[in-house]
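Overview (structure and organization)
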Amino acid sequence: QQPVQSPQAVILREGEDAVINCSSSKALYSVHWYRQKHGEAPVFLMILLKGGEQKGHEKISASFNEKKQQSSLYLTASQLSYSGTYFCAPLGGKKLTFGTGTRLTIIP
Amino acid sequence: DAGVIQSPRHEVTEMGQEVTLRCKPISGHNSLFWYRQTMMRGLELLIYFNNNVPIDDSGMPEDRFSAKMPNASFSTLKIQPSEPRDSAVYFCASSLAGDISLHFGNGTRLTVT
């Protein structure tokens, strides 16, 4: 089942922080996060592992909620280049199931 | 290093025609994935291969779709016959065992009229 992301879309000014949520009906054990710019392919950002360890991006972090049915992505001091659609992708078996997506627009 | 290469970038065809999409994964990667992206359904996994062997094709919509990976450097996704509802962007992605990130190709935008 496709994970549901919230918000669907958000507009921020450069320098503001953003939080993107990813909710699943099942417990999450590891979650990939990808960003897709318009007309381009998704690009890997980071992975959040079941113990809370993170691998990937310096300025982007993620966490699980207590029940591990939700993951949140945190972007601090957003830059114009952060604009795009963000997807969570929980790992199940060896498959990634991409979430519904969150469109982030950063304005000057 | 060359990334995942897909061809063609754009394909416009008429309903009923056969369509073949091609993918060359990153050299040395041993897993290959085919995804389809539409506004309505988002990014859907169609099929994935590990060491050239199809592991899970549960996402393939119907028998009109077939995928092959004859060797480690080439895969095809075929739709026969094509229908307008197959219009989408089809992405191929590859990964290396032990690595955790998918490397996507630039996609093939398919339009079936």
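In what follows, the structure referred to is the one given above.
Below or above, wherever it landed, is the structure these notes cover. (Residues numbered from 1 in each chain as written. Chains lettered and ligands numbered in written order. Predicted model: local features only at pLDDT ≥ 70, side-chain atom pairs only at ≥ 80, totals over all residues. Heavy atoms only, no water.)

Considering the overall build of chain B
Along the backbone of chain B there are zero helices and eleven strands. Reading the helices (α) and strands (β) of chain B from amino to carboxyl end gives β-β-β-β-β-β-β-β-β-β-β. Viewed in the frame of its principal axes, chain B has a C-alpha envelope of about 40 × 25 × 25 Å. Within chain B, the fraction of its 113 residues that count as buried is 48%. When contacts within chain B are restricted to residue pairs at least 6 apart in sequence, those whose partners lie at least 24 apart make up 53%. A total of about 5700 Å² of accessible surface is found on chain B, and carbon and sulfur atoms cover 50% of it. For chain B, the centre of its 10 positive side-chain charges and the centre of its 12 negative side-chain charges are spaced 3 Å apart. (Helix = DSSP H or I, 4+ residues; strand = E, 2+ residues; numbered from the N terminus. Buried < 20%, exposed > 50% of the residue type's maximum accessible area, 1.4 Å probe, protein only. Contact = heavy atoms within 4.5 Å. Areas by Shrake-Rupley, 256 points an atom, 1.4 Å probe, with all protein chains shown as cover. Lys, Arg positive; Asp, Glu negative; His and termini not counted. Charge placed at Lys NZ, Arg CZ, Asp CG, Glu CD.)

Observations concerning the interface of chain A and chain B
Listed as interface residues are 15 residues of chain A and, on the opposing side, 18 residues of chain B. In total, chain A and chain B occlude about 1300 Å² of area from one another, counting both sides; carbon and sulfur atoms represent 61% of this. We note a salt bridge from B:Asp56 to A:Lys95, for which the minimum N-O separation is 2.9 Å. Our count for the chain A to chain B interface comes out at four residue pairs in polar contact (both at pLDDT 80 or more). Mapped onto the side of chain A that touches chain B, the elements with two or more residues apiece are strand S4 (31–36), strand S5 (43–48) and strand S10 (95–96) of chain A. (Buried area = accessible area lost by both parts, 1.4 Å probe. Salt bridge = Lys/Arg side-chain N within 4 Å of Asp/Glu carboxyl O. Polar contact = N/O pair within 3.5 Å; in protein donor to acceptor, adjacent residues only side chain to side chain.)

Here we look at the sheet that holds strand S7 (residues 60–64) of chain A
Residues and elements named next belong to chain A. Judged by pairing direction, the sheet is antiparallel, and its four strands sit side by side in the order S1-S3-S8-S7 without closing on themselves. Strand pairing shows two members of the sheet lacking a second neighbour, strand S1 (4–6) and S7, which therefore form its edges. The mean angle between the axes of side-by-side strands here comes to 20°, regardless of whether they run parallel or antiparallel. Where strand S3 (residues 18–23) lies against strand S8 (residues 70–75), six bridges are found, and the strand directions are antiparallel. The residue of S8 that forms the bridge with Ile-20 is Leu-73. (Pairing = 2+ DSSP bridges. Axes fitted to C-alpha atoms, helices over the stretch in contact; angles between N-to-C directions.)

Details of the sheet that holds strand S8 (residues 74–79) of chain B
Residues and elements named next belong to chain B. Strand order in the open sheet made by the four strands is S1-S3-S8-S7, with antiparallel pairing throughout. The sheet terminates laterally at strand S1 (5–7) and strand S7 (65–71), the two strands that pair on one side only. Here the strands of the sheet are splayed against their neighbours by 15° on average, with no regard to which way each runs. As defined by bridge partners, S7 adjoins S8 across five bridges and the pair is classed as antiparallel. Paired with Phe-65 across the bridge in S8 is Ile-79.

Describing the pattern of salt bridges
Residues and elements named next belong to chain B. A full pass over the atoms with the stated rule returns nine salt bridges over all chains. Glu-44 is paired through a salt bridge with Arg-41; the nearest N and O atoms lie 2.8 Å apart. Note on Arg-41: relative accessible area 51%, which makes it exposed. Where Arg-85 meets Glu-62, a salt bridge forms, and the shortest distance between an N and an O atom there is 3.3 Å. Here Arg-85, found in the loop between S8 and strand S9 (88–95), pairs with Glu-62, found in the loop between strand S6 (53–56) and S7; they are 23 residues apart in sequence, far enough to count as distant.

With respect to the environment of A:Lys68
All names here are of chain A. Mapped onto the elements, Lys-68 comes out in the loop between S7 and S8. In this structure Lys-68 comes out as partly exposed when scored by relative accessible area, which is 28%. Through-space distance from the C-alpha of Lys-68 to that of Ser-23 is 9.0 Å; in sequence the pair is 45 residues apart. Those residues within four positions of Lys-68 in sequence are excluded, and the remaining contacts are Lys-26, Ala-27, Leu-28 and Lys-50.

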